Amino acid sequence: MTADDVAVDQRVSPLELWRAEFKALPAGVRLRELAFLTQLSLRLVPESPAVAAVSEALGVALPLEPCSSAVAGEVTVLWLGPDEWLVMTPTGDGETERNLRAAVQGHGAVIDVSGQRTTVSVSGPRARDLLAHGCSIDLHPRVNHAGSCVQTHLAKAGVAIWTRDDSGTDFWVVVRTSFADYLARWLVDACVPHRQDPQWQ
Amino acid sequence: MQLIPCPWCGPREEVEFHYGGQAHVAYPAAPADLSDREWAEYVFFRDNPKGLFAERWVHSTGCRRWFNAIRDTGTHDFRAVYRPNEPKPVIS
Ligand SMILES: [Zn+2]
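- The name given to chain B in an unreviewed UniProt entry is Sarcosine oxidase subunit delta family protein, with the source organism recorded as Leekyejoonella antrihumi.

### A few points about the coordination of the zinc ion
Tetrahedral metal sites with four donors have an ideal angle of 109.5 degrees; octahedral sites with six donors have ideal angles of 90 or 180 degrees.
All names here are of chain B.
Point 1. Each protein donor to the zinc ion is listed here as Cys6 (SG), Cys9 (SG), His59 (ND1) and Cys63 (SG); together their distances run 2.0 to 2.4 Å.
Point 2. One can describe the donor arrangement at the zinc ion as tetrahedral, given that its four donor atoms subtend angles of 104 to 121° at the metal.
Point 3. Sequence positions of the donors to the zinc ion reduce to the motif C-x2-C-x49-H-x3-C. Within this pair, whereas Cys9 is found in the loop between strand S1 (3-6) and strand S2 (10-13), its partner Cys63 is found in the loop between strand S4 (52-58) and strand S5 (66-72), the two being separated by 54 residues in sequence.
Point 4. Taking relative accessible area as the criterion, Cys63 reaches 0% and is therefore assigned buried.

### Some points on unusual backbone geometry
Point 1. The phi torsion at Gln105 of chain A lies on the positive side, around 50°, for a residue other than glycine.
Point 2. One can find Gln105 of chain A in the loop between helix H4 (95-104) and strand S6 (109-112).
Point 3. Assessed through its relative accessible area of 51%, Gln105 of chain A is described here as exposed.
Point 4. Phi at His24 of chain B takes a positive value of approximately 60°, unusual for a residue other than glycine.
Point 5. Structurally, His24 of chain B can be placed in the loop between strand S3 (18-22) and helix H1 (36-44).

Rules behind the numbers
- Residues numbered from 1 in each chain as written.
- Chains lettered and ligands numbered in written order.
- Predicted model: local features only at pLDDT ≥ 70, side-chain atom pairs only at ≥ 80, totals over all residues.
- Heavy atoms only, no water.
- Donors = N, O, S within 2.8 Å, 3.2 Å for Na, K, Ca; no water.
- Tetrahedral: all angles 85-135°; square planar, octahedral: opposite > 155°, others 65-115°.
- Helix = DSSP H or I, 4+ residues; strand = E, 2+ residues; numbered from the N terminus.
- Buried < 20%, exposed > 50% of the residue type's maximum accessible area, 1.4 Å probe, protein only.

See below:
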């Protein structure tokens, strides 16, 4: 075992202590922390000559539409602003960062921000109802489709909500590490009134 | 709650935004030549109309971008929003 392995093994994710609480929720919702995803902040103006090379490095066209996203295999690109994206890739991936750095060629910036946020997968038939307890964005599939990525408040915490299907049952909530414990506490608490609710079982 | 239309993200609740004061206040072309009085006017003095007012807003919780808005200070009605590189719209 190398020093790096030890360092990785001893990491404690922001929501490590919530694992048991998440498992005890009604079956209608499933909460799971996707810990330690590699996250890169990509800054680039959309008119930049590097956009083509960046899209090639990502394996998918950079999403320019507000509140959208793009996926290429295990690489997820979330639109955070007109010149800002969050690139999420599997734990320990260093290749995407190297490729993006080479593609950006000084026209923008690629920064590893993996420690800044953690990711909570909120899924299940009642996932949308749970988020609706604390979010003013309409996540109904009628208006909110797979691939949308909105930054907003969830129970007053700033989050990005990435919609992963067209039936309102699969979301990723990306939240700052310092707010993660609060948000987990709120999510678990929001399920309490539904513990006996037959529609949530 | 009042909705404010972000030029990028669309209508969002007002708590996602912060106010940035009067828009189109140009930085002095020759700051070194300004008198104390002119500096004070540049730094502190702003219009305070009742009615249409061009203002700066930032979508703090969303895309975190600054934009301009024309708001009726009497009714809080947002009559127009526009990106920083877009000209101020003419509203009668
Ligand atoms: Zn916005």
